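Survey of secondary and tertiary structure
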Amino acid sequence: MPKRFPSLSGYGLGWSTRQRITVIAIGLAVLLALAATVAVFTGRTGTSDSTTSTPYDASSSTSASAGPTASAGAGSVAKPPPVADPLAFAQAAAAMLWSYDTRATSRDQQLAGMRAWLTAETKYADWSSLTAQVPDPVLWSRMADQDQYATATVSEAHYPSAFKQALADDPSAITEAYIYAVTVTGKQQIAWKKGGAGAEDRSITLAVQCRPNADCSLVSIAPHVVP
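Let me sum up the structure you'll find in this document.

Rules of the game
Residues numbered from 1 in each chain as written. Predicted model: local features only at pLDDT ≥ 70, side-chain atom pairs only at ≥ 80, totals over all residues. Heavy atoms only, no water. Disulfide = S-S within 2.5 Å. Buried < 20%, exposed > 50% of the residue type's maximum accessible area, 1.4 Å probe, protein only. Core = buried A, V, L, I, M, F, W, Y, C linked by side-chain atoms within 4.5 Å. Helix = DSSP H or I, 4+ residues; strand = E, 2+ residues; numbered from the N terminus. Contact = heavy atoms within 4.5 Å. Pairing = 2+ DSSP bridges. Polar contact = N/O pair within 3.5 Å; in protein donor to acceptor, adjacent residues only side chain to side chain. Phe/Tyr/Trp six-rings, centres within 6.5 Å; stacked < 30°, edge-to-face > 60°. Lys NZ or Arg CZ within 6 Å of the ring centre and 35° of its normal.

Considering the state of the cysteines
- Applying the stated rule across the entire model yields one disulfide.
- Each sulfur in the disulfide pair Cys210 and Cys216 lies 1.9 Å from the other. On the S-S bond that ties Cys210 to Cys216, the torsion sits near 115°, and the link is right-handed.
- Under the relative-accessibility criterion, Cys216 is labelled buried at 6%.

See below:
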């Protein structure tokens, strides 16, 4: 009996101290890069309710680090919306991260589609936090064998209290990089062969860059949800 693969967003297990501190620093508009050392983060949010047989679980797989090929295309991955509102963009980004379709999208296409959301400012871009959401090629192939796909609905997005307090303490700090911390909640629906289905509540904290007179882009995914 195949094991259930709950979500791309709950997949990442390995996080460096640099990534964790960068997410916090970006979200609070303070320090933006620190020396890397290895740390491990485990755990995910949400509960599940599934029926019939279950699809594959990512728990036995290693995190993805390879980038997509230039010709991969985006498959079924949604394109980033041309919006300048951090809350609206974060909601769209969360829906993208919680959605996938192995029937129509290869792993390389999934990565390529996600890459289009990432900020072009390499000083701030944390690509590894996005690639950590994608299972390795073997697991993706097994998911495809089960015709597994997921859709998402977003219910709410807000600025974490720590971020709002940091802005209140130093309103000018945001003007260095115009990066906002946003926490998004919603639900992910998963389906696979023979009528298999499940659903999970989801929460995620994102770092979103929205410079004046420019569309927003994704900077990083926090290893922990910030309330």
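From this point on, the discussion continues.
Some remarks on the nonpolar core
- One finds Val184, Ile204, Leu206, Val208 and Leu218 to be the most contacted residues of the largest nonpolar core, which totals 37 residues.
- Contributing elements (two or more residues each) for this core: α2 (86-97), α3 (107-115), α4 (127-131), α5 (137-145), β5 (149-158), β6 (179-192), β7 (196-209) and β8 (217-221).
- Setting aside residues up to four positions removed in sequence, Ile204 forms contacts with Ala94, Leu97, Trp98, Val182, Thr183, Val184, Ile221 and Val225.
- In terms of nonpolar packing, the next biggest core, distinct from the first, is built from five residues, Tyr124, Ala177, Ile179 and Ala207 among them.

Description of the pairing of β5
- Both strand β4 (residues 100-101) and β5 contribute to a ladder of two bridges, which runs antiparallel. Paired with Asp101 across the strands is Tyr149, a residue of β5.

Structural notes on the side chain of Thr131
- Relative to the assigned elements, Thr131 resides in helix α4.
- A polar contact of 3.2 Å, which involves the side chain of Thr131, links it to the backbone oxygen of Ser128.

Here's the deal with the environment of Asp147
- Checked against the element boundaries, Asp147 lands in the loop between α5 and β5.
- The exposure class of Asp147 is partly exposed, given its relative accessible area of 31%.
- Residues Asp147 and Ala191 lie 44 residues apart in sequence; the distance between their C-alpha atoms is 8.1 Å.
- If sequence neighbours within four positions are ignored, Asp147 has contacts with Thr102, Arg103, Ala191, Trp192 and Lys193.

Let's talk about the packing of aromatic side chains
- Per the stated rule, a full pass over the model turns up five aromatic pairs.
- Plain terms: the ring middles of Phe89 and Trp117 are 5.4 Å apart, the flat faces sit at 50° to each other, and that makes the pair tilted. With Phe89 in helix α2 and Trp117 in the loop between α3 and α4, this pair connects stretches of sequence that are 28 residues apart.
- Here Phe89 falls in the buried class, since its relative accessible area comes to 0%.
- The class of Trp117 is buried, set by a relative accessible area of 1%.
- Ring plane angle 55° and centroid distance 6.4 Å describe the contact between Tyr100 and Trp140, whose orientation is recorded as tilted. Here Trp140 lies in helix α5 and Tyr100 lies in strand β4, a separation of 40 residues in the sequence. Per residue, the accessibility class of Tyr100 equals that of Trp140, and both read buried.
- Chaining the aromatic ring pairs together yields one cluster made of Tyr159, Phe163 and Tyr180.
- The ring centre of Tyr149 lies 3.8 Å from the NZ or CZ of Arg103, which sits over that ring.

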